[in-house]
Amino acid sequence: MLTEKQTALDWGVAQYISAGTSEEPLVPAITCEHWTAQPVDFQNGLAGALPEIWVRKGVYDRLVRAAEALPRGYRLVLLDGWRPKRVQQFLFDNVRRQIELEDPSLTEAEIDRKTLLYAARASDDPVRPSPHITGGAIDVTLSDEEGTILDMGGAFDEASEKSWTAAPVPAAPAERREHLLAAMQHAGFTNLPSEWWHYDYGNWLWAWYSKKSSALYGPVERPSDQKEAAG
Ligand SMILES: C[C@@H](N)C(=O)N[C@H](C)C(=O)O
Ligand SMILES: [Zn+2]
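Source: prediction; values computed, not measured.

Let's talk about the confidence of the model for the chain
And then number 1: Overall, the predicted model of the chain reaches an average pLDDT of 95, with 97% of residues at or above 70.
And then number 2: Per the prediction output, this complex has pTM 0.96; the corresponding ipTM is 0.99.

A short note on the UniProt feature "active site" (unreviewed entry) in the chain
And then number 1: UniProt's feature table lists "active site" (unreviewed entry) at Glu 195, given in the numbering used throughout.
And then number 2: Exposure remark for Glu 195: the relative accessible area of 5% places this residue in the buried category.
And then number 3: With near-sequence residues (within four places) excluded, Glu 195 lies in contact with Leu 117, Tyr 118, Ala 119, Ser 163, Trp 164 and Thr 165.

A short note on the environment of Ala 207
And then number 1: Within the secondary structure, Ala 207 sits in helix H7 (residues 204–209).
And then number 2: Separated by 140 residues in the primary sequence, Ala 207 and Ala 67 place their C-alpha atoms 22 Å from one another.

A closer look at the site of ligand 1
And then number 1: With respect to spatial proximity, 13 residues lie near ligand 1, and among them Arg 83, Gln 88, Ala 120, Asp 157 and Glu 195 are the closest.
And then number 2: Interatomic distance of 2.8 Å between a side-chain N/O atom of Arg 83 and an oxygen atom of ligand 1.
And then number 3: Separating a nitrogen atom of ligand 1 from a side-chain N or O atom of Asp 157 is a distance of 2.6 Å.
And then number 4: When the free accessible area of ligand 1 is taken as 320 Å², the share hidden by the protein chains comes to 99%.
And then number 5: Looking at the shell around ligand 1 residue by residue, the classes come out as six nonpolar, three polar and four charged.

A look at helix H4 (residues 85–102)
Helical geometry note: an α-helix holds 3.6 residues per turn, so side chains three or four residues apart project in the same direction.
And then number 1: For H4, with 18 residues, the first-to-last C-alpha span of 26 Å sits near the 26 Å given by 1.5 Å per residue.
And then number 2: Here H4 has its buried residues at Val 87, Gln 88, Leu 91, Phe 92, Val 95, Arg 96 and Ile 99. Looking straight down H4, one finds its buried side chains confined to an arc of 170 degrees; they lie on one side. Set apart from the buried face of H4 by more than 90 degrees, the exposed residues are Arg 86 and Leu 101.
And then number 3: In the core, the buried residues of H4 are packed alongside helix H2 (40–43), strand S4 (74–80) and helix H5 (108–118).

Quick word on the side chain of Thr 115
And then number 1: Take Thr 115: it is sitting in helix H5.
And then number 2: In this structure the side chain of Thr 115 is engaged in a polar contact, spanning 2.6 Å, whose partner is the backbone oxygen of Ile 111.
And then number 3: Other than its neighbours up to four places away in sequence, Thr 115 contacts Phe 92, Val 95, Arg 96 and Ile 99.

Regarding the coordination of the zinc ion (ligand 2)
The reference angle at a metal is 109.5 degrees if four donors form a tetrahedron and 90 or 180 degrees if six donors form an octahedron.
And then number 1: Protein coordination at the zinc ion (ligand 2): the donors are His 132 (NE2), Asp 139 (OD) and His 198 (ND1), at 2.0 Å from the metal.
And then number 2: Donor residues for the zinc ion (ligand 2) sit on one chain with the sequence pattern H-x6-D-x58-H.
And then number 3: For Asp 139, a relative accessible area of 1% puts it in the buried group.

A closer look at the pairing of S4
And then number 1: The buried count for S4 comes to six of seven residues, which makes it a mostly enclosed element.
And then number 2: Pairing geometry for strand S2 (residues 35–37) and S4, over three bridges, is parallel. Across the sheet, the residue bridging to Ala 37 is Leu 78, located in S4.

Observations regarding helix H6 (residues 171–186)
And then number 1: Look at H6: 22 Å from first C-alpha to last across 16 residues, which is about the 22 Å you get at 1.5 Å a residue.
And then number 2: Taken together, the buried positions of H6 are occupied by Pro 173, Arg 176, Arg 177, Leu 180, Ala 183 and Met 184. Around the axis of H6, the buried residues are gathered within 135 degrees of arc, so they sit on the same side. With respect to the buried face of H6, the exposed residues turned more than 90 degrees away are Ala 171, Glu 178 and His 186.
And then number 3: For H6, the elements touching its buried residues are helix H3 (57–69), S4, strand S5 (137–144) and strand S7 (198–200).
And then number 4: One or two steps after H6, the chain reaches Gly 188, where phi turns positive at roughly 105 degrees.

Here we look at the packing of aromatic side chains
And then number 1: Under the criterion given, the structure shown has seven aromatic pairs.
And then number 2: Considering the side-chain rings of Trp 35 and Tyr 60, the 5.0 Å spacing of their centres and the 80 degrees angle between planes classify their relative orientation as edge-to-face. Of this pair, Trp 35 sits in strand S2 while Tyr 60 is found in helix H3, placing the two residues 25 residues apart along the sequence.
And then number 3: Their ring planes at 75 degrees and their centres at 5.2 Å tell us that Phe 156 and Trp 197 sit as a pair that is edge-to-face.

Reading the values: rules and limits
Residues numbered from 1 in each chain as written. Chains lettered and ligands numbered in written order. Predicted model: local features only at pLDDT ≥ 70, side-chain atom pairs only at ≥ 80, totals over all residues. Heavy atoms only, no water. pLDDT = per-residue confidence, 0-100. UniProt positions renumbered as here; feature names shortened; annotations may be inferred. Buried < 20%, exposed > 50% of the residue type's maximum accessible area, 1.4 Å probe, protein only. Contact = heavy atoms within 4.5 Å. Helix = DSSP H or I, 4+ residues; strand = E, 2+ residues; numbered from the N terminus. Near = heavy atom within 4 Å. Polar contact = N/O pair within 3.5 Å; in protein donor to acceptor, adjacent residues only side chain to side chain. Areas by Shrake-Rupley, 256 points an atom, 1.4 Å probe, with all protein chains shown as cover. Nonpolar A, V, L, I, M, F, W, Y, C, P; charged D, E, K, R; others polar. Expected span 1.5 Å × (residues − 1). Arc of directions from axis to C-beta. Donors = N, O, S within 2.8 Å, 3.2 Å for Na, K, Ca; no water. Pairing = 2+ DSSP bridges. Phe/Tyr/Trp six-rings, centres within 6.5 Å; stacked < 30°, edge-to-face > 60°.

Structure follows, in structure tokens:
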């Protein structure tokens, strides 16, 4: 089992990776033959969350490849993609509060460090945006062919060590995590080691884990949101 230090990302790394400038559009990834879309933030009633899951076109295409690479009997379930900044802020605050309540002896710095294992700061900074604000991050899990969500050895968004991709979970969920990881990596995604469900393509997190000096995607807004802001 990795230590927290080995698992935790140093969120300062992005300053060494040049900003992504791709103008590739965001597209909706609705339920289709490849996957089931279950937009959890919207289903949980978060203010500003979207009823569909949106991702960059390049992410959409790679999700198709990942779905096709899964062994028979498994189906990809998309839980979260592009997020507005206010939703990212809510998720960060929520995880931070949870961590603070669980162990009141933690210092502010320790709470921040633990929070960053499970939620990124809300940022639309061009060099260091929150991964989901780039449209290059996707949260996924697996179901069986009938659509029943499978046990992955820890709940989605659980702020605990069980969420680490390499956590010592029972054999069946461990195997599912491996299938998910293999299919997503085959399609070109990288995984955030502290979350078995979080994958990236094209953003600075992907650039960091795939040892590239430049990201493809920076922060982005949906065209309809841009029009609203302008008008
Ligand atoms: C909040 C959780 N689902 C998530 O997406 N965490 C990563 C680290 C993020 O906020 O980008
Ligand atoms: Zn995520």
